[in-house]
Amino acid sequence: MKTFLVFLSFCFSLTYSATAQPQKKVEKDFLNELNSILKKSPTQHWGYDGTMTIDSAFSISPTGILSVTVRYTYDSSFMRARMEAPVSKIIGIAYDLYLILEFTTDEVSVYRSDEGSNELKEISKTYYFHIGEPVGDGLREKEKIEKLLEKLLKYYPD
């Protein structure tokens, strides 16, 4: 019986490993594209002024929450902003001046610090998750993110 349980455990770990590897690669490709856009962008969101730097690049938590934190420096002070939302709730990509992940409902939590503070407080919920301002051809970048998102959402059923 013990040998059988060890065998089942081994089979489960092989199955998990086989499915986890493609998911990690798809997540990595998706995050690399978002972070590439953000790194080149002068600003992530039209509502903030100052020079933007990245505090925490786009990442996906073990529970499937996409997040990013940026800092805006102006004059002699700064302000931090964070957005986070469940990957499973993303419905598409929008592009106007910014590339934006879209949701059907207010799934995106928006956090902001007071001037000169690192402490983030939730200030609102929205259905737009700003990625950044594309430097190149925004339509081409939008199309690339759409393809990566389609692959990613297979691993995040609603």
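Only a predicted model underlies this, so the values are computations on that prediction, with no experimental measurement involved. (Residues numbered from 1 in each chain as written. Predicted model: local features only at pLDDT ≥ 70, side-chain atom pairs only at ≥ 80, totals over all residues. Heavy atoms only, no water.)

### Description of the overall build of the protein
Point 1. A tally of helices and strands in the protein yields 2 helices and 8 strands.
Point 2. Helices (α) and strands (β) of the protein occur, in sequence order from the N terminus, as α-β-β-β-β-β-β-β-β-α.
Point 3. The buried share of the protein, reckoned over its 158 residues, is 39%.
Point 4. The long-range fraction of contacts in the protein, counting pairs at least 24 apart against all pairs at least 6 apart in sequence, stands at 57%.
Point 5. Of the roughly 9,400 Å² of accessible surface on the protein, a fraction of 55% belongs to carbon and sulfur atoms. (Helix = DSSP H or I, 4+ residues; strand = E, 2+ residues; numbered from the N terminus. Buried < 20%, exposed > 50% of the residue type's maximum accessible area, 1.4 Å probe, protein only. Contact = heavy atoms within 4.5 Å. Areas by Shrake-Rupley, 256 points an atom, 1.4 Å probe, with all protein chains shown as cover.)

### Some words on the nonpolar core
Point 1. With 33 residues, the main nonpolar core has Phe30, Phe58, Leu66, Leu101, Phe129, Ile131 and Ile145 as its most contacted residues.
Point 2. Here this core takes 6 residues from helix H1 (residues 2-40), the largest share from any one element.
Point 3. In this view, phenylalanine 30 contacts Leu101, Ile145, Leu148, Leu149 and Leu152; residues no more than four positions away in its chain are not counted. (Core = buried A, V, L, I, M, F, W, Y, C linked by side-chain atoms within 4.5 Å.)

### Let's talk about the side chain of serine 41
Point 1. Counting through the fold element by element, serine 41 comes out in the loop between H1 and strand S1 (51-60).
Point 2. When sequence neighbours within four positions are dropped, the list of residues in contact with serine 41 reads Met52, Gly132, Glu133 and Val135.

### Quick look at the environment of valine 70
Point 1. Turning to its location among the elements, valine 70 is positioned in strand S2 (residues 65-74).
Point 2. We classify valine 70 as buried; its relative accessible area is 1%.
Point 3. Through-space distance from the C-alpha of valine 70 to that of phenylalanine 58 is 9.9 Å; in sequence the pair is 12 residues apart.
Point 4. Setting aside its immediate chain neighbours within four residues, valine 70 contacts Leu38, Gln44, Met52, Thr53, Ile54, Asp55, Met79, Arg80 and Ala81.

### What about the side chain of histidine 45?
Point 1. For histidine 45, the position within the fold is in the loop between H1 and S1.
Point 2. What makes histidine 45 buried here is its relative accessible area of 15%.
Point 3. Apart from the residues within four sequence positions on either side, histidine 45 is in contact with Tyr72, Tyr98 and His130.

### As for the packing of aromatic side chains
Point 1. Here the structure, examined in full by the defined rule, presents 3 aromatic pairs.
Point 2. Lying across the ring of phenylalanine 78, arginine 71 places its NZ or CZ 4.3 Å from the centre. (Phe/Tyr/Trp six-rings, centres within 6.5 Å; stacked < 30°, edge-to-face > 60°. Lys NZ or Arg CZ within 6 Å of the ring centre and 35° of its normal.)

### Digging into the sheet that holds strand S5 (residues 99-103)
Point 1. One open sheet holds the 3 strands; their spatial order is S4-S5-S8, and the pairing between them is antiparallel. Either end of the sheet is taken by a strand with one partner, and the two such strands are strand S4 (90-95) and strand S8 (128-132). Averaged over all neighbouring strand pairs, the angle between strand axes comes to 25°, with direction disregarded.
Point 2. Bridge analysis of S5 against S8 gives 4 bridges, and the strand direction is antiparallel. Bridge pairing in S8 links glutamate 102 to tyrosine 128.
Point 3. Against the sheet, helix H2 (residues 138-153) contacts S4, S5 and S8, and its axis sits at roughly 175° relative to S4. (Pairing = 2+ DSSP bridges. Axes fitted to C-alpha atoms, helices over the stretch in contact; angles between N-to-C directions.)

### Thoughts on the pairing of S4
Point 1. In terms of strand pairing, S4 meets S5 through 5 bridges, oriented antiparallel. For alanine 94, the partnering residue across the bridge sits in S5 and is isoleucine 100.
Point 2. Following S4, the chain reverses through 3 residues before pairing antiparallel with S5.

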